[in-house]
Each structure stands twice: as C-alpha cells, then as structure tokens.
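Read off the chains here:
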Amino acid sequence: MDKLLIRGGTPLTGEIGISGAKNAALPIICAGLLSPESLYLKNVPHLNDISTMLRLIGQMGVEVTMEGNEGLTLDSRGLNNPLAPYEMVKTMRASILVLGPLLARCGEAKVSLPGGCAIGARPVDQHIKGLQAMGAEIRVEGGYVLAKAKRLKGARILTDMVTVTGTENLMMAAVLADGETVIENAAREPEVVDLANCLSAMGARISGAGTDRIVIEGVTALHGASHSVMPDRIETGTYLCAAAATGGSVRLTNTSVAFLESVVEKLREAGCEVVSDQDAISLNAPGRLKSVGVRTSPYPAFPTDMQAQFMAINCVAEGAAVIRETIFENRFMHAVELIRLGADIKIDGNTALVTGVEHLDGATVMATDLRASASLVIAGLVAQGETLIERIYHLDRGYERIEEKLARLGAAVRRVR
Ligand code: EPZ
C-alpha cells in the first residue's frame, strides 16, 4: 500500500489550482441516470471515489465517455441493470445516491446498504423514509435495499435531522414524481445547490435549493444538459489550513471564498490574512497561529469535513482550544495519531481539548478516513523531521494529486510504494 513521506518545517508558498468538488460531482453523476439524453459534465475531479461511481453506473448500462482533462459525458440510454452490488458499494458509501434516480427512472432499484465507515454508523433511514413517503415499496433484505415504485408521487417530507445525501437522494427522486414534493429541514450545503442547478438545466422544476425548504414540481421527463461542477470548498479549506499551519503564503485559484465563510472567519481569528477575488483566495499566515475553538454544524456553520484539519492547526498554535464534533459520532480518530506526533489533545466524548505545543516531532502514523488523513498531512508538514503516513488510499479518495500540489507549494513530500 502507498505511503506518504513528508519532511516538515517548510512554509508553503506559491499557487495551485483547486479541483471540482467531490461531494457535488458524486450526486451530479447520479443525476445522469435520470434522463436517456446525454449529460456533459466539466470540472470533474480525478478521484478514486469518482472512478468508483463511474464504474458503478457503468455496470448498470450507462456509457461514460471521458472528454479531455476534466470533462465527461454520461449516456444512460442503455440503462438496464438498476443494481448497486455490495462489492462496489462497500468501498464508497455515497453509492446510496443511485437509489433515488434509479427508482425515478426505472421504477425499481436494488442497492446494497452502504454499511458504516470509520467515522460512524452512517445509517440511511431518512433516505428510505422519504422514498416511502413518495409511495415506494421498500424492503431491506440480505443487506440490500429492494425498492419498487410504478411512479413516485409528490409528498411532503420532513427529515429527522439535516442529511446532505438524504436531501440529494430525495430531490433526485422527486424531479420525475407525479406532483409536488416539499423537503423540509433540507440540507443547505452548496453541493445540494450545485446538484439542483444541474437538475434544473436538465429541465427539473426546483425552488428553494440552499434553504431548508426545497420544493420540486415533478415533470414527466428530463432532457440532456451540460454542467460545470463547483469548486471543492473542502479541498480549498484543507490547503488554506496547511498554509496557515506552516506559516506560509499561498494563492488558490479556480475556487471561491463564497462557500467557506465559516472557515475563513476562523482562519482570520487564528491570525491569518485572507483575501479573495472572484475565483481565487490568498492567505498569508503569521509566524505562529492563535488557538481557535470550532463546533461543527450543518452549512452555513463550520463544516464537519474541516474539523480534523482544524485540530491539526491547533496542535501547534498558541493557547488551548475546544473542538466539538456534533455531526458524526466517531470523528476524532486523527487525535490519537496526532498525539503520536507529540500533540496535547484530551478527548471527552464529542469534545476535544487541544493545547498548542512548541513543535511536533515526525513519526509513522496511520490514516483512518479521508479528512483524518488530511489532518495528518498538515501535522506532518509542520512536524520536525520525517513523518510517514500509512494507508493513504483514504487521501486518494478525496484529494486529487495531493503530493503534486503540495510539492508545487514547496513541501518536501513524496509517495512511497
Ligand atoms: C455528506 O455525507 C458528505 N458526503 C460527508 O463528506 C459530510 O461529512 C456529510 O455530508 C456532512 O456534511 C457526501 O456528500 C458524499 P449526512 P452524508 O447524511 O450525506 C445522520 C467527506 O469527507 N444520518 O449529512 O452521509 C448521519 O449518521 C464526507 O467528503 C442518519 O442518521 O452525511 C450523520 O450523523 C465524509 N440517517 C448526520 O445524519 C440518515 O438517513 C449527517 O449525515 C442520514 C444521515
């Protein structure tokens, strides 16, 4: 398995481009199942999760054609196998996003339950509850969700908690349903809005995306369209944190501060200077950051996907900070690895007290999930000496060419087989 070898101590400086958003591209690729006409996508990131999703819909009969560097065309005229097998779903939970579109387009679906992952049980009860409200007959048998619906009917759905892929799944099911669907307590994440924009380009009738109440007027069919995937705000935030922790100065292009206010505010509180123009963000870091507490919450509050990265920067900041994770039940796995590097972190349930230390010392650490891996990279970039990060397949799921981009910013990093 690949490992990442980092020699810490170099401030990151320079300019890199941000890729398209993984968490927007994944549901948008599933939207391609909804129409027999072609969907042309631009700015699709080259990530393992994306190739997994393309393989998954490919075995259903969808033709995927790569176009140039970040483009692809989906042609689902030949969609004839509404099945998402366990072997593929177990490697990527977001596969559950095919459920709504398959039900809407084919009237049936057999989708393996995603199962949990390192950060939590990750149930999909809200996805199922919402589809049942729209008239789907759903059984869970042998680890699979078996769903049938001649034609889904519009319904009013109130989810028990804010769920990003739950909102996305239900929105995709509703666009071809008979009548109006209202999703209350909907997720307001920018990726939900990006999906809604793509669906609208395909002829869907959606209003309220980005608010907690989304209204979808079902239509009988969707047509082809082209859509450019939004920039990845979590990749953006991750590189901003890496620059902040190393006392660097970077400029990130093809991205926007628009969807990262909560993260930028915290970086400014930590002592960074952050400026943005319409499609780039620049950050200048102070010699040493000030500790900054965070509490994760649904958008527009501080994103859970940036919690691990902020724990890393607090490890070497001045002072102590409290980090509270309110979305997932087990998202502090990076803490024990950071402690191996010399961090002072005390965990109590979903709260972590991080007291900044003068420096971290390189060691061998293990990545456990995507954003935990990112926090170990940041810690390795600031630690004295060498840090070897194992199981970096987690990183490759969500960060395109990470060692290349870091090297371009001056980091001493290389992938070892
Ligand atoms: C999406 O996951 C993202 N993944 C996650 O990013 C992100 O951390 C998460 O939203 C929160 O922002 C994609 O978009 C592909 P949720 P999702 O449904 O939709 C509970 C990354 O690093 N819940 O919003 O699976 C759930 O257990 C990944 O890129 C139920 O109980 O998250 C969690 O506690 C990690 N029942 C909370 O709600 C359900 O039916 C929020 O989960 C659905 C969710």
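Residues numbered from 1 in each chain as written. Predicted model: local features only at pLDDT ≥ 70, side-chain atom pairs only at ≥ 80, totals over all residues. Heavy atoms only, no water.

## Describing unusual backbone geometry
Thinking step 1. The omega torsion of the bond from Tyr 299 to Pro 300 falls at 10°, within 30 degrees of zero and hence cis.
Thinking step 2. With respect to the helices, strands and loops of the structure, Pro 300 is situated in the loop between β18 (294-295) and α10 (307-315).
Thinking step 3. With a phi angle near 55°, Asn 254 is a residue other than glycine that sits in the positive phi range.
Thinking step 4. Among the secondary structure elements, Asn 254 is positioned in the loop between β15 (249-253) and α9 (261-269).
Thinking step 5. Classification of Asn 254 as partly exposed rests on a relative accessible area of 46%.
Thinking step 6. Phi angles above zero are rare outside glycine, and Arg 401 is one such case at about 50°.
Thinking step 7. Mapping Arg 401 onto the fold places it in the loop between α13 (393-398) and α14 (402-408). (Helix = DSSP H or I, 4+ residues; strand = E, 2+ residues; numbered from the N terminus. Buried < 20%, exposed > 50% of the residue type's maximum accessible area, 1.4 Å probe, protein only.)

## Quick look at the pairing of strand β17 (residues 280-284)
Thinking step 1. Counted residue by residue, β17 has four buried out of five residues, so it is predominantly covered.
Thinking step 2. The sheet contact formed by β15 and β17 spans five bridges and is antiparallel. Across the sheet, Thr 253 pairs through a bridge with Ala 280, a residue of β17.
Thinking step 3. Linking strand β16 (residues 273-277) back to β17 in an antiparallel pair, the connection comprises two residues. (Pairing = 2+ DSSP bridges.)

## Regarding the site of the ligand
Thinking step 1. Lining the immediate surroundings of the ligand are 22 residues, of which Gln 126, Thr 163, Thr 165, Asp 305 and Ile 327 lie closest.
Thinking step 2. For the ligand, an oxygen atom lies 3.5 Å from a polar atom in the side chain of Arg 93.
Thinking step 3. Between the ligand and the protein, one listed contact pairs an oxygen atom with a backbone N or O atom of Ile 327 at 2.6 Å.
Thinking step 4. Breaking the shell around the ligand down by element, the ones donating at least two residues are α1 (22-31), α5 (125-133), α6 (164-174) and α12 (370-382).
Thinking step 5. For the shell around the ligand, the element with the most residues is α5, which contributes three residues. (Near = heavy atom within 4 Å. Polar contact = N/O pair within 3.5 Å; in protein donor to acceptor, adjacent residues only side chain to side chain.)

## Details of the sheet that holds β17
Thinking step 1. Read from one edge to the other, the open sheet built from four strands follows the order β2-β15-β17-β16, with strand pairing classed as mixed. Only two strands of the sheet have a single partner each, and these edge strands are β2 (13-17) and β16. Across the sheet, the mean angle from the axis of one strand to that of its neighbour is 15°, orientation sign disregarded. (Axes fitted to C-alpha atoms, helices over the stretch in contact; angles between N-to-C directions.)

## Description of helix α8 (residues 233-245)
Thinking step 1. End to end, α8 covers 18 Å across 13 residues, agreeing with the expected 18 Å (1.5 Å per residue, within 8%).
Thinking step 2. Across the 13 residues of α8, 13 count as buried, placing the element largely inside the fold.
Thinking step 3. One side-chain oxygen at the N-terminal end of α8 lies 2.9 Å from the backbone nitrogen of Ile 234; it belongs to Asp 232.
Thinking step 4. Looking one or two residues beyond α8, the residue adopting positive phi is Gly 247, at roughly 70°. (Expected span 1.5 Å × (residues − 1).)

## With respect to the pairing of strand β1 (residues 3-7)
Thinking step 1. Across five bridges, the pairing between β1 and strand β24 (residues 412-416) is antiparallel. Of the residues in β24, the one forming a bridge with Arg 7 is Ala 412.

## Brief notes about the packing of α10 against α12
Thinking step 1. Their axes nearest at 7 Å, the elements α10 and α12 cross at an angle of 20°. Judged on the interaxial angle alone, α12 and α10 are roughly parallel. Crossing of α10 against α12: the hand is right-handed. Facing Ala 308, Gln 309, Ala 312 and Ile 313 of α10, the residues of α12 in contact are Arg 371, Ala 372, Ala 374, Ser 375, Ile 378 and Ala 379.
Thinking step 2. Class assignment for the residues of the contact of α10 with α12 results in seven nonpolar, two polar and one charged. (Parallel < 35°, antiparallel > 145°, perpendicular 65-115°, else oblique. Left-handed = near helix turned anticlockwise from the far one by under 90°. Contact = heavy atoms within 4.5 Å. Nonpolar A, V, L, I, M, F, W, Y, C, P; charged D, E, K, R; others polar.)

## Overview of the side chain of Lys 22
Thinking step 1. Position of Lys 22 among the secondary structure elements: in helix α1.
Thinking step 2. On the basis of relative accessible area, Lys 22 is assigned to the buried category, the value being 8%.
Thinking step 3. Within polar-contact distance, the side chain of Lys 22 engages the side chain of Asn 23 at 2.8 Å.
Thinking step 4. Apart from the residues lying within four places of it in its own chain, the contact partners of Lys 22 are Pro 45, Leu 47, Asp 49, Ile 50, Asp 232, Leu 370, Arg 371, Arg 397 and Gly 398.

## A few points about the packing of α6 against helix α7 (residues 190-201)
Thinking step 1. One way to put it is that α6 packs onto α7 with a least axis distance of 10 Å and a crossing angle of 15°. Considering the angle they form, α6 stands roughly parallel to α7. Two packed elements cross with a definite hand, and for α6 against α7 that hand is right-handed. Facing Val 164, Thr 167, Glu 168, Met 171 and Met 172 of α6, the residues of α7 in contact are Glu 191, Val 192, Leu 195, Ala 196 and Leu 199.
Thinking step 2. Taken together, the residues that form the contact of α6 with α7 break down as seven nonpolar, one polar and two charged.

## A short note on the packing of aromatic side chains
Thinking step 1. Applying the stated rule across the entire model yields one aromatic pair.
Thinking step 2. The positively charged end of Lys 110 is found above the aromatic ring belonging to Tyr 144, 4.9 Å away from the centroid. (Phe/Tyr/Trp six-rings, centres within 6.5 Å; stacked < 30°, edge-to-face > 60°. Lys NZ or Arg CZ within 6 Å of the ring centre and 35° of its normal.)

## Examining the sheet that holds strand β21 (residues 351-355)
Within a beta sheet, neighbouring strands are joined by backbone hydrogen bonds and run either parallel or antiparallel to one another.
Thinking step 1. With mixed pairing, the four strands of this open sheet are ordered in space as β18-β19-β21-β20. Whereas interior strands pair on both sides, the edge strands pair on one side only; in this sheet they are β18 and β20 (344-348).
Thinking step 2. Bridging between β20 and β21 involves five bridges; their strand directions are antiparallel. Counted as the bridge partner of Asp 348 is Thr 351 from β21.

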